[in-house]
Amino acid sequence: MLVAVITAASLYYLQVYHFYEEPVEGGTVELTAIATGLPEEIIADDVISINATSSPIRYRACFTTPMSQSLLTEAYVEAPGAAPLVAPDWFDCFDADEIGAALENGTALAFMGTENHEYGVDRLVAIFDDGRGFVWHQLNDCGRKQYDGTPTGPECPARTTARETDN
């Protein structure tokens, strides 16, 4: 019984604390422009983020912006079907349930940050009507195929053309 408790506690610690880096203050937020199809930096204040090297989908960030949703929808690509992933409880600025509910009821809008930020992983950004913003990584169709073993096909970029970064 003691071995089971120690194992469970170790697994919990590894998943929730060990692999994550300390929160980082500062940084930029990018959205994909409708006009160019390329990510461009938006006004983002009070950016704080976490990341982990153990998985490309562990990135989360919180920020505020003075940019209105109407301005953003005119200039940037929206991301229907965005679904925020849960962050560790200790990163308390990011509440996936609140963000998901706001996306469903329309008080937040989701935008494409960077398509294929890493191969098969998109960086998505949700912005509330009050200016709060949240960023996370989510598998795209090519990423889901890559991870479940389905052939990716010609609609997916070559692995060498996907943007590879540390953030």
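Scroll up to find the structure this text is about.
What counts and what doesn't
Residues numbered from 1 in each chain as written. Predicted model: local features only at pLDDT ≥ 70, side-chain atom pairs only at ≥ 80, totals over all residues. Heavy atoms only, no water. Helix = DSSP H or I, 4+ residues; strand = E, 2+ residues; numbered from the N terminus. Contact = heavy atoms within 4.5 Å. Core = buried A, V, L, I, M, F, W, Y, C linked by side-chain atoms within 4.5 Å. Buried < 20%, exposed > 50% of the residue type's maximum accessible area, 1.4 Å probe, protein only. Salt bridge = Lys/Arg side-chain N within 4 Å of Asp/Glu carboxyl O. Phe/Tyr/Trp six-rings, centres within 6.5 Å; stacked < 30°, edge-to-face > 60°. Disulfide = S-S within 2.5 Å. Arc of directions from axis to C-beta. Polar contact = N/O pair within 3.5 Å; in protein donor to acceptor, adjacent residues only side chain to side chain.

J.: Help me understand the environment of Ile 57, please; the structure alone is not making it clear to me.
T.: Looking at the secondary structure, you find Ile 57 in the loop between strand E4 (45–50) and strand E5 (60–64). Sequence-wise, Ile 57 and Leu 85 are 28 residues apart; in three dimensions their C-alpha atoms are separated by 8.4 Å. Those residues within four positions of Ile 57 in sequence are excluded, and the remaining contacts are Leu 85, Val 121, His 137 and Leu 139.

J.: I would appreciate a short explanation of unusual backbone geometry in the present structure.
T.: For residues that are not glycine, phi is negative in most cases, and the peptide bond is trans in most cases. Phi is positive for Asp 46, close to 55°, though the residue is something other than glycine. For Asp 46, the position within the fold is in strand E4. Even without being a glycine, Asn 116 presents a positive backbone phi close to 50°. Mapped onto the elements of the fold, Asn 116 is located in strand E6 (residues 108–118).

J.: Whenever I open this one, the nonpolar core confuses me. Can you help?
T.: A general feature of soluble globular proteins is that nonpolar side chains tend to end up buried together. Residues Phe 91, Phe 94, Ile 99, Leu 124, Phe 128, Phe 134 and Trp 136 are the most contacted members of the largest nonpolar core, which totals 18 residues. Those elements that provide at least two residues to this core are helix H3 (96–105), E6, strand E7 (121–128) and strand E8 (132–139). Membership of the second largest hydrophobic core comes to 17 residues, among which are Ala 33, Met 67, Tyr 76 and Val 125.

J.: I keep staring at the pattern of salt bridges and nothing clicks. Help me out?
T.: When their charged atoms lie close together, side chains carrying opposite charge are able to pair. Counted according to the given criterion, the structure contains 2 salt bridges. For Arg 132, the salt bridge goes to Glu 98, with nearest N and O atoms at 3.2 Å. Taken together, the residues span a long stretch of sequence, with Arg 132 in strand E8 and Glu 98 in helix H3 at a distance of 34 residues. On the basis of relative accessibility, which here comes to 27%, the residue Arg 132 falls in the partly exposed class. The exposure class of Glu 98 is partly exposed, given its relative accessible area of 34%. Residues joined in a network through salt bridges with shared partners are Glu 98, Asp 130 and Arg 132.

J.: Looking at this model, I keep getting lost on the packing of aromatic side chains. Mind explaining?
T.: By convention here, two paired aromatic rings are described through the distance between centres and the angle between planes. In the structure shown here, the tally under the stated rule is 4 aromatic pairs. Here the aromatic rings of Phe 94 and Trp 136 are separated by 6.3 Å at their centres, their planes lie at 75°, and the arrangement is edge-to-face. With Phe 94 in the loop between helix H2 (69–75) and H3 and Trp 136 in strand E8, this pair connects stretches of sequence that are 42 residues apart. Comparing Phe 94 with Trp 136, the two get one shared label, buried.

J.: Please explain the side chain of Thr 32 as it appears in this structure.
T.: Relative to the helices and strands, Thr 32 is located in strand E2 (residues 29–32). What Thr 32 contacts, discounting residues up to four positions off in sequence, is Gly 37, Leu 38, Pro 39, Ala 75, Tyr 76, Val 77, Met 112, Gly 113 and Thr 114.

J.: Even after reading the chapter, I still don't get the state of the cysteines, so can you show me in this structure?
T.: Linking two cysteines covalently via their sulfur atoms produces the bond known as a disulfide. Going through the model one piece at a time under the given rule, you end up with 1 disulfide. Bridging Cys 62 to Cys 93, the disulfide has an S-S length of 2.1 Å. Between Cys 62 and Cys 93, the S-S torsion sits near 85°, and that sign places the bridge as right-handed. Taken together, the residues Cys 62 in strand E5 and Cys 93 in the loop between H2 and H3 connect sequence positions 31 residues apart.

J.: Before we go on, may I ask you to explain H3 in this structure?
T.: Given 3.6 residues per helical turn, the α-helix brings residues three or four places apart onto the same face. Taken together, the buried positions of H3 are Ala 96, Ile 99, Gly 100 and Ala 102. Buried residues in H3, looked at end-on, bunch into an arc of 165°, giving them a common side. Within H3, the exposed residues directed more than 90 degrees away from the buried face are Asp 97, Glu 104 and Asn 105. The inward-facing, buried residues of H3 contact E6, E7 and E8. Here H3 starts with a cap whose side-chain oxygen sits 3.1 Å from the backbone nitrogen of Asp 97, and that cap is Asp 95. Within two residues after H3, Gly 106 carries a phi angle of roughly 90°, on the positive side.

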